[in-house]
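Structural overview
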Amino acid sequence: HYLSPWSMLVFAVVHVAIGGVIGYGFRESRALVEPPLPVAFADLCPSVVATQCRTEPLSWEALKLASFFLSLALGTAALVTSVYTLGPELAVHRREAGTGTYTSAYALGKMITDVPFIFGGALLFGAVYVPLLAPDGDFMRHYAIFVGVEACCYGLGYVLSTLLPWDSSHVIGVVLVYCFSILSGLQPKLRVVNEQFVAPLRAVWASSFPRYAVEATVITETEVYRNDARSVFREPVARFLAEYGWLADNYAFDLGMMAVIAVVLRAVAIALLWWRHTPSSSASSWPSAAAVARLGAARWRGTRPQPPTQCDA
């Protein structure tokens, strides 16, 4: 699906366009995160807003919205592309399974061919998004987050296109990406989820890739304050992160969890392909490996092979 110049052009334009829309739409003339008030000033706030003065940044709406729409927009672009990797190839998988061939090798090969486009799509997006939004964090740290989002959404597209009719996987996938984006730890806060929600619900948040993308983005943007030992905002930033349940040292962990989610989704997609195309599930249309072997043996002996019966199938 990438072979035609038109498809390549659409792929590039979509990633550049969403990077431009989000980067320009949420850019600020000042820093994306203005930390909470230092303790000496926060203690002077009235009691009704004392907690907010101590924990909420003076300004971070642009970063909050950009980190939310990052997973939604970039993830949607990746998912709409990924359903074409396996979805239109189900007939090929069925034929290969009917002859006893391992379909997992074919599926894995198709997934590997998508790897350059995962990195390329993230690069096209970041090349426009980062200069327009002008974050304080390092470009490569942001780029690694973009790759993680793309990899997770490609995996989600593989699963949906093997489980559902691939031409309707787009709509369902976009809805799922939106639902995952809601589970990003912004509202409700991740701290509230960890402290007040039951374990099954916490597991739902833990399986959401935007939860890790948002945390990694906020960690990257607040690093400039945390690394300055003389900054009066160092302690307020720590209070801000603690209020939302984010850990300052979790950047590598967040990238690792997105990688784990991406690998698990690909394993699920391969397992679904195997489950849907075992001889029992494809028997009505395709001969089994045993029937094909008997036909081959008959040809080798020089006898006229009989077509496979329904029992053979």
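Calculation notes
- Residues numbered from 1 in each chain as written.
- Predicted model: local features only at pLDDT ≥ 70, side-chain atom pairs only at ≥ 80, totals over all residues.
- Heavy atoms only, no water.
- Disulfide = S-S within 2.5 Å.
- Buried < 20%, exposed > 50% of the residue type's maximum accessible area, 1.4 Å probe, protein only.
- Salt bridge = Lys/Arg side-chain N within 4 Å of Asp/Glu carboxyl O.
- Helix = DSSP H or I, 4+ residues; strand = E, 2+ residues; numbered from the N terminus.
- Core = buried A, V, L, I, M, F, W, Y, C linked by side-chain atoms within 4.5 Å.
- Contact = heavy atoms within 4.5 Å.

Under the criterion given, the structure shown has one disulfide. A sulfur-sulfur separation of 2.4 Å characterises the disulfide bridge that pairs C45 with C53. Taking the torsion about the sulfur-sulfur bond, which here is approximately -100°, the covalent link between C45 and C53 counts as left-handed. C53 shares its class with C45; the two are buried. Take C152: it sits in no disulfide, and the sulfur closest to it among the cysteines is that of C153, at 6.8 Å. Given a relative accessible area of 0%, C152 falls into the buried group.

In total, this model carries nine salt bridges according to the counting rule given. Close ionic contact of K189 with E56 constitutes a salt bridge, the shortest N to O distance being 3.6 Å. One end of the pair, K189, is in the loop between helix 8 (169-182) and helix 9 (190-196); the other, E56, is in the loop between helix 3 (50-55) and helix 4 (61-86), and 133 residues separate them in sequence. Like K189, the residue E56 is buried in the burial classification. For R211, the salt bridge is made with E215, and the minimal N-O distance between the two is 2.8 Å. With R211 and E215 both in helix 11 (residues 209-226) and four residues apart, this pair spans about one turn of that helix. For E215, a relative accessible area of 0% corresponds to the buried category.

Attention now moves to the nonpolar core. Counting 70 residues, the largest nonpolar core has W60, F125, Y129, F146, V218, W246 and M258 as its most contacted members. Secondary-structure elements contributing two or more residues to this core are helix 1 (5-25), helix 4, helix 6 (103-133), helix 7 (139-163), helix 9, helix 11, helix 12 (234-244) and helix 13 (251-276). Those residues in contact with F125, other than ones at most four positions away along the chain, are H15, I18, G19, I22, L70, L74 and F146.

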